[in-house]
Amino acid sequence: MLEQVWFPLVITLKIAAISTLIVAILGTIISYILARREFMGKWLVDVLVTLPMVLPPTVTGYLLIVLLGKNGIFGKVLFDLTGISLLFTWQVAVIAAFVVSLPLMVKTTTAAIEAVDRDFEYAAFTLGRKELETALFITLPLAKKGILAGIVLSFARAVGEFGATLMVAGNIPGRTNTMAISIYSAFQGGNNELANMLVIILVTVSLLSMAITARLVNRWKI
Amino acid sequence: MGIKVDFRKRHYMKKSDKKKGIDPVFMLDAKFEAGNELVVLFGRSGSGKTTALQCISGLLEPNGGKIIVNDKVYFDCHKRIDLPVQQRSLGYVFQNYALFPHMDVKKNIAYGLKGFSEEEKGRRVGEMLRLLHIEGLEDNYPSQLSGGQKQRVALARALAPKPEILLLDEPFSALDAVVRMKLREMIRRIQKELGIPILFITHNPVEAFTMADRMVIFHNGQVQQTGTPEEVFYHPQNTHVAELVGMTNIFEDAIVGDEDTATGTVLLRKDELQVSAMQQKLKAGRNVSWGIRPENIHILSEEDEKDVEEENVFSVSVKSIVNKGASKLIYIDIGHHQNLLIAETSNQAFEKLHLEAGDACKVKLDKRKIAVF
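Residues numbered from 1 in each chain as written. Chains lettered and ligands numbered in written order. Predicted model: local features only at pLDDT ≥ 70, side-chain atom pairs only at ≥ 80, totals over all residues. Heavy atoms only, no water.

Asks: Which residues make up the packing of helix H5 (residues 90–114) of chain A against helix H8 (residues 144–159) of chain A, and what are the values?
Replies: Packed helices, taken two at a time, are described by their axes: the angle between them and the distance between them. Residue and element names in this part refer to chain A. Two numbers describe how H5 lies on H8: the axes approach to 8 Å, and their chain directions differ by 160°. When the axis of H5 is compared with that of H8, the two are roughly antiparallel. The two elements H5 and H8 cross, and the hand of that crossing is right-handed. From H5, Ala97, Val100, Ser101, Leu104, Met105, Thr108, Thr109 and Ala112 reach across to H8, where they touch Gly146, Ile147, Ala149, Gly150, Ile151, Leu153, Ser154, Arg157 and Ala158. For the contact of H5 with H8, a count of residues per class yields ten nonpolar, six polar and one charged. (Axes fitted to C-alpha atoms, helices over the stretch in contact; angles between N-to-C directions. Helix = DSSP H or I, 4+ residues; strand = E, 2+ residues; numbered from the N terminus. Parallel < 35°, antiparallel > 145°, perpendicular 65-115°, else oblique. Left-handed = near helix turned anticlockwise from the far one by under 90°. Contact = heavy atoms within 4.5 Å. Nonpolar A, V, L, I, M, F, W, Y, C, P; charged D, E, K, R; others polar.)

Written out as structure tokens, the structure is:
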């Protein structure tokens with residue numbers, strides 16, 4: 001019983017933590033570029049990033065299989081070169097969580113960066129600071145509330161990820177059975193006791209993480 | 001030394017408009033020169049002052065021309081020089097101050113001191129705090145400062161890296177009158193002390209007049225006139241400048257009569273309205289405009305009327321009287337084609353006149369103060 005609860009919790013937090021870390025870094029870079037640069041095909045980047053938010057998770061999962069499966073576009077190259085197959089591993093669950101939570105990060109953070117008055121950046125330029133320094137020490141700190149909101153949303157989305165993960169990583173006990181998937185399969189198998197336990201833990205973890213973030217944000221003046 | 005600019009900037013509604021040959025929505029042609037002095041860029045909102053300042057600072061790229069500051073080429077279209085903002089060594093004070101809200105005053109001022117040791121930074125910040133009389137504020141955050149204090153911190157931050165030119169974009173527009181007066185004085189003092197050119201934007205004529213060594217007048221994206229405040233205020237070159245500097249009484253389409261060489265005056269006439277002005281070298285028959293500032297229209301009391309010669313004296317009726325604080329504005333109907341004149345008198349002088357709206361009286365236009373353009 002302990003193993004049936006403990007493993008899903010650990011693997012879920014591990015997947016969500018790694019995916020959120022990548023989402024936070026890449027998402028912030030993408031958001032900065034979308035908010036501050038004009039370039040050809042900007043709309044396309046915006047559409048591609050946002051797409052998983054509007055597609056059914058099963059479709060996202062299916063597209064990931066097409067890309068990452070042994071006969072997929074990237075999956076085949078990877079398999080031919082290294083012999084590694086991504087599907088049905090916890091790593092591919094990280095990719096699935098990344099893809100579905102990136103739009104939440106990018107939408108929130110882009111809005112937060114766009115809301116930073118450009119005069120602050122211009123002031124930094126006139127004081128001799130390059131764009132990268134300005135972004136790191138002026139723009140992003142001033143957008144930090146929005147960035148944190150994006151990170152929290154992305155983490156929550158990753159913890160709750162179900163459809164795409166089930167498609168690409170399956171439900172392999174001891175390997176890819178995340179909380180959301182374990183709850184579904186426990187309920188399907190009539191093991192209501194286990195389902196109840198998992199639900200209570202998942203709700204508690206979610207509430208805790210939200211409460212901690214709210215406290216943290218409240219302490220920030222700006 | 002000093003500033004030499006001659007550039008153009010075009011704003012298009014959409015980027016593609018330029019290629020399609022669609023006219024830009026705004027055109028700026030900025031051309032002026034100035035020494036290491038306090039230069040006021042003066043004009044209405046939307047006249048191109050801020051765009052000019054942003055082009056000089058490098059925040060905007062002009063479409064052509066040259067910008068040279070202290071013999072350093074900031075921008076030259078033909079030689080393809082466009083020095084990045086960071087390398088122009090300038091100080092810029094924004095209209096909204098743009099103090100970094102997440103840094104205290106000390107860090108804000110030290111932000112431009114790149115490559116300084118901590119000790120040097122501390123010393124320079126101390127110097128700036130003293131220069132602007134804001135000692136004791138160094139640990140405060142911008143949200144804890146008053147408008148005037150923010151302004152001083154913004155100045156300190158801009159001056160800390162020892163810029164070669166200082167640009168100020170309507171820096172006092174959000175401050176009350178007393179703080180404004182103090183800061184105007186402070187900027188003038190700083191200019192004398194540092195000896196660098198300062199470009200200062202304002203649309204406030206009083207501010208322009210009291211601060212400027214040299215004024216550059218903008219209207220509709222064109223520089224209309226450059227000169228000392230006296231030249232610009234008393235000898236505007238055209239109607240736009242005259243209006244901007246507060247010459248509220250302007251008459252267009254007057255014909256110049258023959259010059260009276262004995263008194264050095266000419267007659268300017270439009271229909272029945274005829275005034276004489278102290279002007280030389282005006283060709284007879286020319287079509288000109290003329291104007292007079294409200295304070296140079298004198299309302300004559302009954303005693304005055306006896307011993308005054310008839311030149312430039314008109315019988316008028318008072319339309320309305322507006323209190324302007326230390327003075328009164330008197331709207332006068334001069335009769336000819338319902339031209340309304342505005343006169344300004346001090347409250348003291350006004351009391352002696354016992355005037356009310358609807359009264360008839362006589363006014364005299366000071367012929368030495370009539371500007372022709």
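That covers the picture; the talk isn't over yet.
Asks: Describe the pairing of strand S9 (residues 198–202) of chain B, naming the residues involved and giving the relevant values.
Replies: All names here are of chain B. In terms of residue burial, S9 counts as a mostly covered element, since five of its five residues are buried. Of the two faces of S9, the one carrying Ile198, Phe200 and Thr202 and the one carrying Leu199 and Ile201 are both buried. Looking at chain direction, strand S3 (residues 38–42) and S9 are connected through five bridges and run parallel. Directly across from Val39, in S9, lies its bridge partner Leu199. (Buried < 20%, exposed > 50% of the residue type's maximum accessible area, 1.4 Å probe, protein only. Pairing = 2+ DSSP bridges.)

Asks: If you had to explain the environment of Ile56(B) to someone new, which residues and values would you point to?
Replies: Residues and elements named next belong to chain B. Examined against the element boundaries, Ile56 turns out to sit in helix H2 (residues 49–57). Note: C-alpha distance between Ile56 and Val318 (262 residues apart in sequence) is 48 Å. Each residue touching Ile56, except ones within four places of it in the same chain, is listed here: Val5, Phe7, Phe32, Ile67, Tyr74, Arg88, Leu90, Leu167 and Leu199.

Asks: Explain empty space enclosed by the protein residue by residue, including any values.
Replies: All names here are of chain A. Enumeration according to the criterion identifies one cavity of 30 Å³ or more in this entry. Approximately 60 Å³ is the volume found for the largest cavity. Together, Thr12, Ile15, Ala16, Ala93, Ala97, Ala158, Val159, Glu161, Thr165 and Thr178 line the largest cavity. At the level of elements, helix H1 (2–36), H5 and H8 are the ones that each hand at least two residues to the lining of the largest cavity. The element best represented in the lining of the largest cavity is H1, accounting for three residues. In terms of residue class, the lining of the largest cavity is built from six nonpolar, three polar and one charged. (1 Å grid on protein atoms, 1.4 Å probe; cavity = no way out; pocket = protein on both sides within 12 Å on 5 of 7 lines; lining within 4 Å. Points joined across faces, edges and corners; volume = space filled by probe spheres on them.)

Asks: Hey, could you go over the domain arrangement of chain B for me, with residue numbers and the actual values?
Replies: All names here are of chain B. When cut into domains, chain B gives domain 1 (3–242) and domain 2 (247–372). Put simply, the middle of domain 1 and the middle of domain 2, counted by C-alpha atoms, are 38 Å apart. Domain 1 puts five residues into the contact, and the matching count from domain 2 is seven residues. For the pairing of domain 1 and domain 2, the buried interface totals around 550 Å² over both sides, and the portion due to carbon and sulfur atoms is 59%. If you sort the residues of domain 1 by the area they bury against domain 2, Tyr234, Thr239 and Ala242 come out on top, with a joint share of 67%. Across the domain 1-domain 2 interface, the total number found is zero salt bridges. (Domains from an automatic or database assignment. Buried area = accessible area lost by both parts, 1.4 Å probe. Salt bridge = Lys/Arg side-chain N within 4 Å of Asp/Glu carboxyl O.)

Asks: Run through the side chain of Thr20(A), naming residues and quoting values.
Replies: Locating Thr20(A) in the fold gives a position in helix H1. If near-sequence neighbours (up to four positions away) are discounted, Thr20(A) is found in contact with Ile151(A), Ser154(A), Phe155(A) and Ala158(A).

Asks: Give a detailed account of the sheet that holds strand S16 (residues 297–300) of chain B, specifying residues and quantitative values.
Replies: Residue and element names in this part refer to chain B. Here we have five strands laid out as an open sheet, ordered S16-S20-S17-S18-S19, and antiparallel in their pairing. Pairing within the sheet leaves two strands with one partner each, and these edge strands are S16 and strand S19 (340–346). Put simply, the sheet's adjacent strands are angled 45° from each other on average, direction ignored. In the sheet, strand S18 (residues 327–333) pairs with S19 via seven bridges, with the strands oriented antiparallel.

Asks: Could you give an account of the confidence of the model for chain B, with specific residues and numbers?
Replies: All names here are of chain B. Chain-level statistics for chain B give a pLDDT mean of 90 and a share of 98% at 70 or above. Summarising per-element confidence for chain B, the mean pLDDT is lowest in helix H10 (residues 302–306) (71) and highest in helix H3 (residues 105–110) (97). The complex prediction reports pTM at 0.87, with the ipTM value standing at 0.87. (pLDDT = per-residue confidence, 0-100.)

Asks: Please give an account of the interface of chain A and chain B that cites residues and values.
Replies: Taken together, the contact between chain A and chain B spans 21 residues of the former and 20 residues of the latter. Buried surface at the junction of chain A and chain B, both sides included, amounts to about 1,900 Å², of which 67% is carbon and sulfur. Counting the surface chain A buries against chain B, the share from its top three residues, Thr126(A), Leu127(A) and Arg129(A), is 34%. Our count for the chain A to chain B interface comes out at one salt bridge. Lys114(B) is the partner of Glu133(A) in a salt bridge, and the nearest nitrogen-oxygen pair spans 3.3 Å. Where chain A packs against chain B, one counts six residue pairs in polar contact (both at pLDDT 80 or more). Taken together, the residues of the side of chain A that touches chain B break down into eleven nonpolar, three polar and seven charged. (Polar contact = N/O pair within 3.5 Å; in protein donor to acceptor, adjacent residues only side chain to side chain.)

Asks: Requested: an account of the packing of aromatic side chains, with residues and values cited.
Replies: Any pair of aromatic rings gets described here by the distance separating the centres and the angle formed by the planes. Here the structure, examined in full by the defined rule, presents eight aromatic pairs over all chains. Taken together, the aromatic side chains of Phe209(B), Phe233(B) and Tyr234(B) make up a single cluster linked through ring pairs. One residue, Arg129(A), lies across the ring of Tyr111(B), its end atom 4.6 Å from the ring centre. (Phe/Tyr/Trp six-rings, centres within 6.5 Å; stacked < 30°, edge-to-face > 60°. Lys NZ or Arg CZ within 6 Å of the ring centre and 35° of its normal.)

Asks: Go over the side chain of Thr110(A), please, and point to the residues and values.
Replies: All names here are of chain A. Among the structural elements, Thr110 can be located in helix H5. For Thr110, a relative accessible area of 11% translates into the label buried. Not counting the four nearest positions on each side in its chain, Thr110 is found in contact with Ser31, Leu34 and Ala35.

Asks: Tell me about the pattern of salt bridges, and name the residues and values.
Replies: When the charged atoms of two side chains lie near each other, side chains of opposite charge can form a pair. Residues and elements named next belong to chain A. According to the stated counting rule, one finds 28 salt bridges over all chains in the structure shown. A salt bridge links Glu121 to Arg36; its shortest N-O distance comes to 2.9 Å. Here Glu121 is found in helix H6 (residues 118–126), whereas its partner Arg36 is found in helix H1, with 85 residues between them in sequence. Residue class for Glu121 comes out buried when judged on its relative accessible area of 1%. Each of Arg36, Arg118 and Glu121 takes part in one network of salt bridges that share partners.

Asks: I'd like to hear about the nonpolar core, residue by residue, with values.
Replies: Looking at soluble globular proteins, one finds that nonpolar side chains tend to be buried together. Ranked by internal contacts, the top residues of the largest apolar core, which has 57 residues, are Phe7(B), Ile67(B), Phe100(B) and Leu199(B). Counting residues per element, this core draws most heavily on H5(A), at six residues. Beyond its immediate chain neighbours, meaning those up to four positions away, Phe7(B) contacts Leu28(B), Asp29(B), Ala30(B), Ala52(B), Cys55(B), Ile56(B), Pro62(B), Gly64(B), Gly65(B), Lys66(B) and Ile67(B). Judged by nonpolar contacts, the second largest core, of 46 residues, contains Met186(B), Ile196(B), Ala212(B) and Phe233(B). (Core = buried A, V, L, I, M, F, W, Y, C linked by side-chain atoms within 4.5 Å.)

Asks: A description of the environment of Gly148(B) should follow, citing residues and the corresponding values.
Replies: Residues and elements named next belong to chain B. Summarising the element assignment, Gly148 is placed in helix H5 (residues 147–159). On the basis of relative accessibility, which here comes to 11%, the residue Gly148 falls in the buried class. Measuring from C-alpha to C-alpha, the distance between Gly148 and Val179 comes to 6.3 Å, with 31 residues separating the pair along the chain. Once residues within four sequence positions are removed from consideration, Gly148 is found in contact with Leu175, Val179 and Leu183.

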